[in-house]
Amino acid sequence: MSKDNKNKPTGNPADKLPEDAAKAMEATAASLQNLAAAAEGKAAPAPVEEPDDALFDFDDDDPLSATGVSKKSLVIFFLIDTSRSMVGKKIGELNTVMEELIPEIRRVGEADTDVKIAVLTFGTQVRWMYSEPILIEDFEWSRLRADGVTNMGEAFRELSSRMSRNSFLNSPSLSFAPVIFLMTDGYPSDDYKEALEELKQNSWYKFGLKAALGIGSEANDEMLEEFTGSKDTVVHAYSGGQLAAMIKIIAVTSAQIGSKSMTLSDDVNHELSEEEVRSAKQKLLGQQIQDSMTNLGDADAISLDTGW
Amino acid sequence: MVELSIGQEVEMEYGGKAQVLGVIGSGGQGIVYLVRYNGMKWALKWYDIDKMKNPKAFRKNIQNNISDGPPSNKFLWPKYLTKEKEDGTFGYLMELKPESFDSFVDILNTYKLSVDPLTGRSTKTPVRFTSLYAMVTAVINIVNAFRQLHRAGKSYQDLNDGGFFINMDTGAVLVCDCDNIAPDGSNFGIGGKPGYMAPEVVRGVAKPNVQTDKYSLAVVLFKLLFRGDPMEGEKVVKDVCLTESSELKHYGQNAVFIYDPDDASNRPVRGIHDNVIKFWRIYPDYVKDAFIRSFTLGISDPNKRIIENEWQKIFIRLRSEIIQCTCGRTNFTSMFKMVDFKTYKCPQCGTIFETLKFSNRKNRMPLYVGSVFYDCEIDPDSEDFQTVAGMLVENKLKPGVLGFKNMSDKTWRAKMPDGDFYEIPPGKGFPIWQGLIIDFGEVTASL
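Thresholds applied
Within each chain, residue numbers correspond to sequence positions counted from 1 in written order. Chain labels run from A onward and ligand labels from 1 onward, assigned in the order the entries are written. Given that the model is predicted, a residue must reach a pLDDT of at least 70 before its local features are reported, and side-chain atom pairs must reach 80 or more before they are shown or counted; all residues, however, enter totals for whole chains, interfaces and linings. With hydrogens and water excluded, all non-hydrogen atoms of the structure serve as input to the side-chain values. Strands are runs of DSSP state E lasting at least two residues, helices are runs of H or I lasting at least four, and both sets are numbered from the N terminus onward. C-alpha atoms define the radius of gyration, and 2.2 Å times the number of residues to the power 0.38 defines the globule rule. We call two residues contacting when some pair of their heavy atoms lies within 4.5 Å. Exposure was quantified through the Shrake-Rupley algorithm and a 1.4 Å probe, taking into account, for residues, occlusion by the shown protein chains and nothing else. His is not counted, nor are the chain ends; Lys and Arg add positive charge and Asp and Glu add negative charge. We put the charge of a Lys on NZ, of an Arg on CZ, of an Asp on CG and of a Glu on CD. For every residue, the accessible area (1.4 Å probe, protein chains only) is compared with the maximum for its type, and the residue is labelled buried under 20%, exposed over 50%, or partly exposed between those bounds. Here a polar contact means two N or O atoms within 3.5 Å. Within protein one must be a hydrogen donor candidate and the other an acceptor candidate, and residues neighboring in sequence count only if both atoms are side-chain atoms. With a 1 Å grid spanning the protein atoms alone, the term cavity applies to any set of points in which a 1.4 Å probe fits but cannot get out, the term pocket to an open set with protein on both sides within 12 Å along at least five of seven lines, and the term lining residue to any residue with an atom within 4 Å of a point. Grid points are joined across faces, edges and corners, and a volume is the space filled by probe spheres set on the points. Here the term charged refers only to Asp, Glu, Lys and Arg, the term nonpolar to Ala, Val, Leu, Ile, Met, Phe, Trp, Tyr, Cys and Pro, and the term polar to all other amino acids, Gly among them. By convention, a stacked pair of Phe, Tyr or Trp rings (six-membered ring in the case of Trp) has centres within 6.5 Å and planes under 30 degrees apart, an edge-to-face pair has planes over 60 apart, and any other such pair is tilted. Expected span of a helix: the number of residues minus one, times 1.5 Å. When DSSP locates at least two bridges between a pair of strands, those strands are taken to pair. Helix axes use the C-alpha atoms of the stretch in contact, all axes being lines fitted to C-alpha atoms, and the angles between their N-to-C directions lie in the range 0 to 180 degrees. In this scheme, patches are assembled from residues that exceed 30% relative accessible area and form no salt bridge. Like charges are connected within 9 Å, while nonpolar side chains (Val, Leu, Ile, Met, Phe, Trp, Tyr) are connected within 5 Å. Between Lys or Arg on one side and Asp or Glu on the other, a salt bridge is scored when a side-chain nitrogen of the former is within 4 Å of a carboxyl oxygen of the latter. Definition used in this section: a nonpolar core is a set of buried Ala, Val, Leu, Ile, Met, Phe, Trp, Tyr and Cys residues joined via side-chain atoms within 4.5 Å. What sets the label is the angle itself: under 35 degrees gives roughly parallel, over 145 gives roughly antiparallel, 65 to 115 gives roughly perpendicular, and the rest give oblique. By convention the crossing between two helices is left-handed if the near helix lies anticlockwise of the far one by an angle smaller than a right angle, and right-handed if it lies clockwise. Summarising the geometry, the arc corresponds to the directions from the helix axis toward the C-beta atoms.

(A) Representation of the overall build of chain B. The helix and strand inventory of chain B stands at 12 helices and 27 strands. Taken over the C-alpha trace, chain B has a radius of gyration of 25 Å; the compact-globule value for 447 residues is 22 Å, and the two agree within 12%. In terms of its C-alpha atoms, chain B occupies a principal-axis envelope of roughly 80 × 55 × 50 Å. In chain B, of all internal contacts separated by at least 6 residues, the share reaching a separation of at least 24 is 53%. Only carbon and sulfur atoms are counted for the fraction: they give 50% of the accessible area of chain B, which is about 17,000 Å². Taken as two groups, the 56 positive and 54 negative side-chain charges of chain B have centres that lie 3 Å from each other.

This is the structure:
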């Protein structure tokens, strides 16, 4: 920077500039005609040559034109017993709590996961509430009615056939292992064992987060344990209040755990092995369900099995 | 955990009671409530102490943070602790997030949901930056917040998409969830959010610290600019189902950057990672190189990670390379045609852009009506990247004549077409011409 020039008068220089300087200035402005044209809002000169670089694909290069980040998907399967024994308070409570639950878990996927819901009911007939899993933001609960026998084995077969990349789990992107939540108040009327063995061969089921809720005193916890593969993820509701609370706890906890990657290393100080992390989510689900159950008092004393 | 009920009062450490008005949200460590305390509304974070390894130490750490105060006004810092209940549960009060800020989660989703409390139906409102300036300013603000925090000797530990709020019009940033912030080297039990955690934390061989913060910061910046996951490409998608072991592999033991120049095994997949594919070609090489270094060398060697000051310089430069063309095209100079070393041309309409060369940096700043430079760009001692120092404007009395307006509080000197230098006090302007030299003091600029 030249220091030869002495300080000149301060203030707005344009006021005090010599005539010729002002002219030179305007000439300069003319040389920046594009800028000037810009200032006047005139149409800019037409391009002399076409852009020769494919890089400038200006239909689609706005740095602000992002779409949502690519998400993982999680399907939550609800397997719900709609046999005759569910009629009345049980199915009433269940319908109400499910209606309330859906909006509550809408945000659970945050920016990482699209959470979808699929509901399979089993009475005499095995039926899906909707023909495919529905995004939780758009899901509307349609109230269930109870009737018929408990064809649970048939439900296991139907679930297994749909838990496939060619069917319900067809997201092109990554998926988390599904959450499978079984609710029943009785013992299967059909031969469920063979069907359950078949289901256990399904990889999605193997990695999935499984939980079960027995409703009333007829439900068989051992059978439910066979389904989830662990005692911790089976709970039992004996009253309407318990039923509502437990459905919420299990659904919310499993959706939270299922829809997120897991911090595997919170409690360790060594290099983790694959063996150590296997089924970490299922274990965590069991722990959290059990913790929540201890905090759950039996405030509602009227048993689900009385007063029908 | 024992949840609070609406109307319940919680005793504060130094007297008074906070009354619960509603629930704001819940997270892994507890629930955040809206409360009233001393006539003002606050957010109360109430902990699930069953999930804490050492609640006493955790509480003590928050106490220390409260007395140290926030590193700057970019933090929604803990303000007051509650009294400990008999069972040991406690919480703390912080200021509420202003309405004008959106969560980083909603920004990544590009919309926010509002749920009608009566019907349970949800509606979506778009969440987008209103200008490229705002987006790059937000990036600079995030980097700067972590620079301030690390300079205070603390680490954030749990850096993830739940930790920020951004004003989409201005790029202002608020860092929230400051309760896990701890002196570098200490850890009170938080591991972090997978996808954001440094590979050594995922693997279990390190606890969060300043160096792992730097990795997480690079992930946050990458997600904000490229709108995708830096480690999720073909190799990961092939697994179809993301189990615990595949996460350990792809984010810990064998993490491969999607644009690793030496390992093409994990490239983004068209149809799934379209954002990243699109944006990766838009950004200039010096930005991409910084991410490549962070996610290749920086994976195994924490000392190779980009330091905050370096990120800050990179993004201050990027902001100065934005061109807003009259035809509507707004982009970085990397997406304009370079005619010669000092001229760019709009590939859409052909408009020519002259550039300004500053003596303290190599890159040149494109000129158009409305282009600006900031205090930190003309004063080596200034850290102020928010205050506009100069702007290119059109002379109000002479349409078509363009010049710079001095918006700083210092007097500059500018060379006029008569060959002499004139003093340009704050608020005054001067025309641009081919021989222009601006003397800012230590820094000069010329056309």
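(B) Summary view of the overall build of chain A. Of regular secondary structure, chain A possesses 11 helices and 7 strands. Summed over all atoms, the accessible surface of chain A reaches about 14,200 Å², with 47% contributed by carbon and sulfur.

(C) A look at the side chain of Arg 329 of chain B. All names here are of chain B. On the secondary structure map, Arg 329 appears in the loop between strand E14 (322-324) and strand E15 (330-332). Owing to a relative accessible area of 5%, Arg 329 belongs among the buried residues under this scheme. At 2.7 Å, the side chain of Arg 329 forms a polar contact with the backbone oxygen of Met 335.

(D) The layout of surface pockets, seen in detail. All names here are of chain B. In this structure, the second largest pocket encloses a volume near 690 Å³. Lining the second largest pocket are 25 residues, and of these Gln 312, Lys 313, Ile 314, Ile 316 and Arg 361 sit closest to its centre. Sorting the residues of the lining of the second largest pocket by element identifies helix H9 (285-295), helix H11 (308-320) and helix H12 (375-378) as the ones contributing at least two each. Counting residues per element, the lining of the second largest pocket draws most heavily on H11, which supplies 8 residues.

(E) A look at empty space enclosed by the protein. In the structure shown here, the tally under the stated rule is 9 cavities of 30 Å³ or more. Taken as a whole, the largest cavity encloses approximately 140 Å³ of empty space. Taken together, 17 residues make up the lining of the largest cavity; nearest its centre are Lys 71, Arg 106, Glu 110 and Glu 137 of chain A together with Tyr 111 of chain B. Looking at the lining of the largest cavity, the elements with two or more residues in it are strand E2 (113-122) of chain A together with helix H2 (104-109) and strand E8 (111-115) of chain B. In this structure, the second largest cavity encloses a volume near 80 Å³. If you go around the second largest cavity, the residues you meet are Val 69, Ser 70, Lys 72, Ala 111 and Asp 112 of chain A together with Lys 223, Gly 228, Asp 229 and Glu 232 of chain B. A breakdown of the residues in the lining of the second largest cavity according to their chemical character gives 2 nonpolar, 2 polar and 5 charged.

(F) Highlighting the side chain of Ser 216 of chain B. Residues and elements named next belong to chain B. By the secondary structure assignment, Ser 216 is in helix H5 (residues 210-226). Ser 216 sits in the buried class, given a relative accessible area of 5%. Apart from the residues lying within four places of it in its own chain, the contact partners of Ser 216 are Leu 159, Tyr 196, Met 197 and Ala 198.

(G) Structural view of the packing of aromatic side chains. All names here are of chain B. For the coordinates displayed, the defined rule picks out 44 aromatic pairs over all chains. Note on Phe 104 and Phe 164: the rings are 5.7 Å apart at their centroids and 80° apart in plane angle, and the pair reads as edge-to-face. Of this pair, Phe 104 sits in helix H2 while Phe 164 sits in strand E11 (residues 164-166), and the two are 60 residues apart along the sequence. You can call Phe 104 buried: its relative accessible area is 0%. Among the residues examined, Phe 164 registers a relative accessible area of 0% and is labelled buried. Between Phe 226 and Phe 291, the ring centres sit 5.5 Å apart and the planes meet at 90°, which makes this aromatic pair edge-to-face. Linking Phe 226 in helix H5 with Phe 291 in helix H9, this pair joins segments that are 65 residues apart in sequence.

(H) Fine view of helix H11 (residues 280-294) of chain A. For H11 of chain A, spanning 15 residues, the distance from its first C-alpha to its last is 22 Å, which sits close to the expected 21 Å at 1.5 Å a residue. If you follow the buried residues of H11 of chain A, they end up packed against strand E6 (209-215), helix H8 (221-228), strand E7 (234-237), helix H9 (240-258) and helix H10 (274-277) of chain A together with helix H7 (244-253) of chain B.

(I) Representation of the sheet that holds strand E21 (residues 388-394) of chain B within the structure. All names here are of chain B. Here we have 4 strands laid out as an open sheet, ordered E20-E21-E22-E25, and antiparallel in their pairing. Each end of this open sheet is capped by a strand with a single partner; those strands are strand E20 (372-374) and strand E25 (429-431). Strand-to-strand, the axes of this sheet are offset by a mean angle of 20°, without reference to chain direction.

(J) The arrangement of a negative patch on the surface in detail. A cluster of acidic side chains, namely Asp 291 of chain A together with Asp 50, Glu 86 and Asp 87 of chain B, defines a negative patch on the protein surface. Of the residues examined, Asp 291 of chain A reaches a relative accessible area of 47% and is grouped as partly exposed.

(K) Here's a closer look at the nonpolar core. The biggest cluster of nonpolar side chains holds 93 residues, and the ones touching the most others in it are Phe 291, Trp 311 and Phe 315 of chain B. At 13 residues, the largest contribution of residues to this core is made by helix H3 (residues 132-151) of chain B. Those residues within four positions of Phe 291 of chain B in sequence are excluded, and the remaining contacts are Ala 218, Leu 221, Phe 222, Leu 225, Phe 226, Phe 257, Trp 311 and Phe 315 of chain B. Core analysis: the second largest hydrophobic core is formed by 49 residues, Leu 144, Met 246 and Ile 289 of chain A together with Ile 272 of chain B among them.

(L) Structural detail: the packing of H9 of chain A against H11 of chain A. Residue and element names in this part refer to chain A. Between H9 and H11, whose axes approach to 10 Å, the crossing angle comes to 150°. Between H9 and H11, the interaxial angle falls into the category roughly antiparallel. Pair H9 / H11 crosses with right-handed handedness. Of the residues in H11, those touching H9 at Met 246, Ile 249, Ile 250, Thr 253, Ser 254, Ile 257 and Gly 258 are Lys 281, Leu 284, Leu 285, Gln 288, Ile 289, Ser 292 and Met 293. Looking at the contact of H9 with H11, its residues break down into 8 nonpolar, 5 polar and 1 charged.

(M) Layout of helix H5 (residues 152-162) of chain A. Residues and elements named next belong to chain A. Taken residue by residue, H5 has Met 152, Gly 153, Ala 155, Phe 156, Leu 159 and Ser 160 as its buried positions. Within H5, the buried residues cover an arc of 155° as seen down the axis, which keeps them to one side. Considering only its buried residues, H5 is in contact with strand E1 (72-81), E2, strand E3 (126-128), strand E5 (179-184), helix H6 (192-200) and H8.

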